[in-house]
Amino acid sequence: MRVFPAVDILGGKCVQLVQGKRESATAYGDPLACAHRWIEAGADALHVINLDGAFGDAAKNADLINALVKETGIEIELGGGIRSIEDAQLWLGTGVSRIILSTLAIQNPHCISQIAKEFGSDRVMAGVDARGGNVAIHGWQETAGNYLYWAETFEKLGAGSLLYTNVDVEGLQKGIAIKPVKDLISHVHVPVVVAGGVSGRVDIALLRDAGAYGAVLGSALYSGKINLSEAIEESR
């Protein structure tokens, strides 16, 4: 199983939020410095979110993210504020490995097919952000139907992978909820990366044994509750 350290960017800083709330942000300094820190600790991929984009300013942090892609040279999945096919094309042109489509994928599902046809399915990851079993969109403020239905729909439309985020446990550092993860993995045939609540080696082991393709480490990694090298070791 792959381990993806998160580099979430807000106002040019690397931050972590609790439950996606902007006012909960804890800053951890320069995003490039954080990225290099995780690479030096053994990471071979990063999960980068443009939080300013998610909050409505899609162009913000573009230069910083471009620099991060070029300087690190490793696998990067990027999400946050990709609200049009043009946004997707722009970001894929920077050299990120794949983009994460969440709200856009719900509002315009066929964009997945269009982008996959142009760039390849492996570069299109559909975001399945779930609260109480329903997908959450627009910064997790609204819900839009059963998460398993949407996951199957995204796969049929050509998404090469899925990012499942359990909004109910995200940022709380209290562990994952494994049942909805298992239900999702059993419903689709594409790789599933899991975010939300990954707080210790036991969570890594549960996801590995459930067949998850990857796990995103966020708040627990930055707070020191989970150690990156130990997480990578547990994932094998």
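Calculation criteria
Residues numbered from 1 in each chain as written. Predicted model: local features only at pLDDT ≥ 70, side-chain atom pairs only at ≥ 80, totals over all residues. Heavy atoms only, no water. Helix = DSSP H or I, 4+ residues; strand = E, 2+ residues; numbered from the N terminus. Rg over C-alpha atoms; globule rule 2.2 N^0.38 Å. Buried < 20%, exposed > 50% of the residue type's maximum accessible area, 1.4 Å probe, protein only. Contact = heavy atoms within 4.5 Å. Areas by Shrake-Rupley, 256 points an atom, 1.4 Å probe, with all protein chains shown as cover. Arc of directions from axis to C-beta. Core = buried A, V, L, I, M, F, W, Y, C linked by side-chain atoms within 4.5 Å.

*Asks:* Sorry if this is basic, but what is going on with the overall build of the chain here?
*Replies:* Helix and strand counts for the chain come out as 11 helices and 12 strands. Relative to the globule expectation of 18 Å for 236 residues, the C-alpha radius of gyration of the chain, 16 Å, shows essentially globular dimensions. Seen through its C-alpha atoms, the chain measures out along the principal axes to roughly 40 × 40 × 30 Å. Here the chain holds 236 residues, and 56% of them are scored as buried. Pairs at least 24 residues apart make up 67% of the contacts formed inside the chain by residues separated by at least 6 positions. Of the roughly 9600 Å² of accessible surface on the chain, a fraction of 49% belongs to carbon and sulfur atoms.

*Asks:* Hey, could you run me through helix α6 (residues 111–119) in this one?
*Replies:* For α6, the full list of buried residues reads Cys 111, Ile 112, Ile 115 and Ala 116. Around the axis of α6, the buried residues are gathered within 125 degrees of arc, so they sit on the same side. Residues of α6 that are buried sit in contact with α4 (85–92), β6 (98–101), α5 (103–107), β7 (124–131) and α7 (147–157). Count one or two residues on from α6 and you reach Gly 120, which has phi positive near 105 degrees.

*Asks:* Honestly, the nonpolar core in this entry has me stumped. Any pointers?
*Replies:* Within soluble globular proteins, side chains that are nonpolar tend to cluster in buried spots. With 70 residues, the main nonpolar core has Val 7, Leu 101, Ile 112, Phe 154 and Leu 162 as its most contacted residues. Sorting elements by how many residues they give to this core places α7 first, with six residues. Apart from the residues lying within four places of it in its own chain, the contact partners of Leu 101 are Ile 82, Cys 111, Ile 112, Ile 115, Val 124, Met 125, Ala 126 and Gly 127. Core analysis: the second largest hydrophobic core is formed by 14 residues, Phe 4, Val 15, Ile 100 and Ala 195 among them.

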